Amino acid sequence: MEEREKVVRHMWDVYTNNRGIRLPRFWQQAFEAAYEDLTSDVAEVRDAAITEIANMSLRSFDLQLPPVTHSARARELSKSLEQVEKGKGATSERA
């Protein structure tokens, strides 16, 4: 969890110092919702917000992963590679 909290702190730094960089929607929404806590003078409040965002980010990325599917081009490439491999096997058998 410490690594995830480091990521949150880094993204918060990017959010607050680099307005030219557009963050993914999750980070923008999380920082907007927790802005008051993240800018609090009380360290425990800031740390709690970081931890909460870190936990949410773990769940968020699990839910937002695209389904594993292969495009038509990827299937064509796989078939081509299989044919090449079969061709190599046939060539080495003749030798």
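The model shown is predicted, which means the values in this text are computed figures rather than measured ones. (Residues numbered from 1 in each chain as written. Predicted model: local features only at pLDDT ≥ 70, side-chain atom pairs only at ≥ 80, totals over all residues. Heavy atoms only, no water.)

Some remarks on the nonpolar core
- Of all hydrophobic cores here, the largest spans 16 residues; its most connected members are Val8, Leu23, Trp27, Phe31, Leu38 and Ile53.
- Listing elements by their share of this core, those giving two or more residues are α1 (2-17), α2 (25-33) and α4 (43-64).
- Non-local contacts of isoleucine 53, meaning those with residues more than four positions away in its chain, are made with Val8, Phe26, Trp27, Ala30, Phe31, Ala34 and Leu38. (Core = buried A, V, L, I, M, F, W, Y, C linked by side-chain atoms within 4.5 Å. Buried < 20%, exposed > 50% of the residue type's maximum accessible area, 1.4 Å probe, protein only. Helix = DSSP H or I, 4+ residues; strand = E, 2+ residues; numbered from the N terminus. Contact = heavy atoms within 4.5 Å.)

Brief notes about the pattern of salt bridges
- Following the criterion strictly, the structure yields 2 salt bridges and no others.
- A salt bridge links lysine 6 to glutamate 3; its shortest N-O distance comes to 3.5 Å. Of this pair, lysine 6 and glutamate 3 both sit in helix α1, 3 residues apart, roughly one helical turn.
- For the salt bridge of arginine 9 with aspartate 47, the shortest nitrogen-to-oxygen distance reads 3.1 Å. Of this pair, arginine 9 sits in helix α1 while aspartate 47 sits in helix α4, and the two are 38 residues apart along the sequence.
- For aspartate 47, a relative accessible area of 36% corresponds to the partly exposed category. (Salt bridge = Lys/Arg side-chain N within 4 Å of Asp/Glu carboxyl O.)

As for α2
- Along α2, the residues that are buried comprise Phe26, Trp27, Ala30 and Phe31. Considered in projection along α2, the buried side chains sweep an arc of 115° and stay on one side of the axis. Structural note: α2 exposes Arg25, Glu32 and Ala33 on the side pointing more than 90 degrees away from its buried face. (Arc of directions from axis to C-beta.)

Re the packing of α1 against α2
- The N-to-C vectors of α1 and α2 enclose an angle of 85°; their axes lie 11 Å apart at closest approach. By the criterion of interaxial angle, the relationship of α1 to α2 is roughly perpendicular. Within the contact between the two elements, α1 uses Val7, Val8, Met11, Trp12 and Tyr15 and α2 uses Trp27, Phe31 and Glu32. (Axes fitted to C-alpha atoms, helices over the stretch in contact; angles between N-to-C directions. Parallel < 35°, antiparallel > 145°, perpendicular 65-115°, else oblique.)

Some points on the packing of aromatic side chains
- Within this structure, the stated rule accounts for 6 aromatic pairs.
- Ring geometry for tryptophan 12 against phenylalanine 31: centres 5.2 Å apart, planes inclined by 65°, an arrangement best described as edge-to-face. Highlighted residues: tryptophan 12 in helix α1 and phenylalanine 31 in helix α2, separated in sequence by 19 residues. The pair formed by tryptophan 12 and phenylalanine 31 is uniform in burial state, with each residue classed as buried.
- With 5.3 Å between their ring centres and 45° between their planes, tyrosine 15 and phenylalanine 31 make a pair best called tilted. In this pair, tyrosine 15 is assigned in helix α1 and phenylalanine 31 in helix α2, connecting sequence segments 16 residues apart. (Phe/Tyr/Trp six-rings, centres within 6.5 Å; stacked < 30°, edge-to-face > 60°.)

Overview of α1
- With 16 residues, α1 should cover 22 Å at 1.5 Å per step; its first-to-last C-alpha distance of 22 Å lies within 8% of that length.
- Taken residue by residue, α1 has Glu5, Val8, Met11, Trp12, Val14 and Tyr15 as its buried positions. (Expected span 1.5 Å × (residues − 1).)

In short, shape yes, function no, at least from these values alone.
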